[in-house]
Structures are given as structure tokens and as C-alpha cells.
Amino acid sequence: MLIWVTMRSMSPTASFSLVELLVSMLLAVTLYAVLVGPSAAQIRKKHLADCAENLRKIHFTLGIYANDHNGVYPSGAGATNSEQALSVLVPKSTSDTRFFICPATGRDPLPQGRPFAERRISYAYAAGLSRSDAPAVPLLSDAHKGTAPGKRRVFSTDGKGAGNNHGEHGGNVLFNDGHIEQIAAQSEIDLTLPAQAVWLNPKP
């Protein structure tokens, strides 16, 4: 009897059972990851939060720049996009360029410690403002639809075209006092700026 059990444990049938066990375990782990892992909504929420943190870091860096320029943020004189205006922050005000890329876009990181005027970032910038401007003036945001002032929907409603850093899920707007509002795609926001300022979107 003992000999029969030993021979059976070494038979091909037993080895197939081991393979089946491993496959079953792999399927169970995969199913667990699908059912318990982060949902699309959770991932979207995390991306929005990470993006908001990026805007806070840019705001902090703008503050460093303003300390050296009588409270004035980069003016972007002659700039046609936010890359040209914000590139002056690197490397004097910061050497870290990671927070100029929205994590939801999947874009490659920028070279560290090097100006990025010829590259692409993820955020729009209101060039021409200073610390002394009103706290509720918008200063930074996810890329949005156009640059015309006034109250309107600024983020993509279908996940396509301009203003789609976060697909059809809206985006973040940071104001001069540093507070951030998450704006749904269907919501309107007033992007009116003082006369000396202009919205600059990143390159498309």
C-alpha cells in the first residue's frame, strides 16, 4: 500500500494537479485584484488630488520667484504658452520639474534642473499677476478650453480636445491665495483676470 501511494505521488497525474493548483491560485489572485483593487473612480480621484498637489508646488515656487522680484510672478512677456512663461522658474527657483506634469496625462517627465520652454507641461498659467492681486484671482489650472475671460465651462465635457487633463472629469483651479477648487466638467467658473494679465495654456 505504501509503495502504491509513493508511485502515485510521482505519477504524471499528480504533477498535472500541481499545475492546476498553481493556475487556480493565479486566477484567484487576479480576481482579488480586480474586485478589491482600486476602481476607475478611485484612480481618477487620486489623480485629481495628485494634480492639486502639483499646483500647490508650482504656487510655492512662484512665491520663491516673487520674493526675488518685488512680489511679481513671471510676466511671460511675449510668451504664447505657459511653458515659455513658467520655464524661468528653473533652475533658480526650483530644480524639480516633476510637478509641472499632470499625473493623469501619462506624459514623460521633464529633465530635472533644466528650463522647459521648448517642451510640454500640463498646466495653464495667468501671466502678469503678483502677490498683491486679489486672493480670488485664478493663477494656475489644468489646461483648459481657450483663454477668453468670463464665466464658462473650461474643462472638456467629453474627455476630448482642450481641457482634458482629467478626461471628462473636470480639473483643478488654483487661486492667488493658494486655495484650490476642483471644477466638474459641466460646471462654470469665471476666469476673468486683471487687465495686465493673460491666460496662457500649455502647448496642445
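Scoring rules and cut-offs
- Residues numbered from 1 in each chain as written.
- Predicted model: local features only at pLDDT ≥ 70, side-chain atom pairs only at ≥ 80, totals over all residues.
- Heavy atoms only, no water.
- Helix = DSSP H or I, 4+ residues; strand = E, 2+ residues; numbered from the N terminus.
- Buried < 20%, exposed > 50% of the residue type's maximum accessible area, 1.4 Å probe, protein only.
- Contact = heavy atoms within 4.5 Å.
- Areas by Shrake-Rupley, 256 points an atom, 1.4 Å probe, with all protein chains shown as cover.
- Pairing = 2+ DSSP bridges.
- Salt bridge = Lys/Arg side-chain N within 4 Å of Asp/Glu carboxyl O.
- Core = buried A, V, L, I, M, F, W, Y, C linked by side-chain atoms within 4.5 Å.

Participant: Can you walk me through the overall build of the protein chain in this structure?
Facilitator: Counting its regular elements, the protein chain contains 4 helices and 7 strands. Beginning at the N terminus, the succession of helices and strands in the protein chain can be written as α-α-α-α-β-β-β-β-β-β-β. Looking at the protein chain as a whole, 40% of its 204 residues qualify as buried. Of the contacts formed within the protein chain by residues at least 6 apart in sequence, a portion of 62% connects residues at least 24 apart. Carbon and sulfur atoms form 60% of the exposed surface of the protein chain, whose accessible area is close to 11600 Å².

Participant: For this particular structure, what's the right way to read the pairing of strand S2 (residues 138-142)?
Facilitator: Working note: regular strand, side chains alternate between the two faces of the sheet. For S2, a buried count of 5 out of 5 residues is recorded, marking the element as mostly surrounded by other parts of the structure. Of the pairings in the sheet, the one linking strand S1 (residues 123-127) to S2 comprises 3 bridges and is antiparallel in character. For Tyr123, the partnering residue across the bridge sits in S2 and is Asp142. When S2 meets strand S4 (residues 171-175), the two strands line up antiparallel, connected through 3 bridges.

Participant: I keep staring at the pattern of salt bridges and nothing clicks. Help me out?
Facilitator: It is possible for side chains bearing opposite charge to pair when their charged atoms get close. Within the structure shown, the criterion is met by 3 salt bridges. Of the charged contacts in the structure, one is a salt bridge between Asp50 and Lys46, with a shortest N-O distance of 2.7 Å. Linking Asp50 with Lys46, this pair stays in helix H3 (residues 40-67), spanning 4 residues, or about one helical turn.

Participant: What am I meant to see in the side chain of Asn176 here?
Facilitator: The residue Asn176 is located in the loop between S4 and strand S5 (180-183) in this model. The buried category is assigned to Asn176, whose relative accessible area is 6%. The residues touching Asn176, leaving out its near neighbours within four places in the chain, are His59, Tyr73, Ser130, Arg131, Asp133, Ala134, Pro135, Val137 and Leu139.

Participant: Would you explain the nonpolar core in this entry?
Facilitator: As a rule of thumb, soluble globular proteins bury nonpolar side chains together. Grouped together as the largest cluster of nonpolar side chains are 42 residues, with contacts concentrated most on Ile58, Leu62, Leu86, Phe100, Tyr125, Leu139 and Leu140. The set of elements that each furnish at least two residues to this core consists of H3, helix H4 (82-86), S1, S2, S4, S5 and strand S7 (198-200). When residues in this core are grouped by element, the largest group, 7 residues, is from H3. With sequence-adjacent residues up to four places away left out, Leu62 is seen in contact with Tyr73, Pro74, Leu86, Leu89, Tyr125, Leu139 and Leu140.

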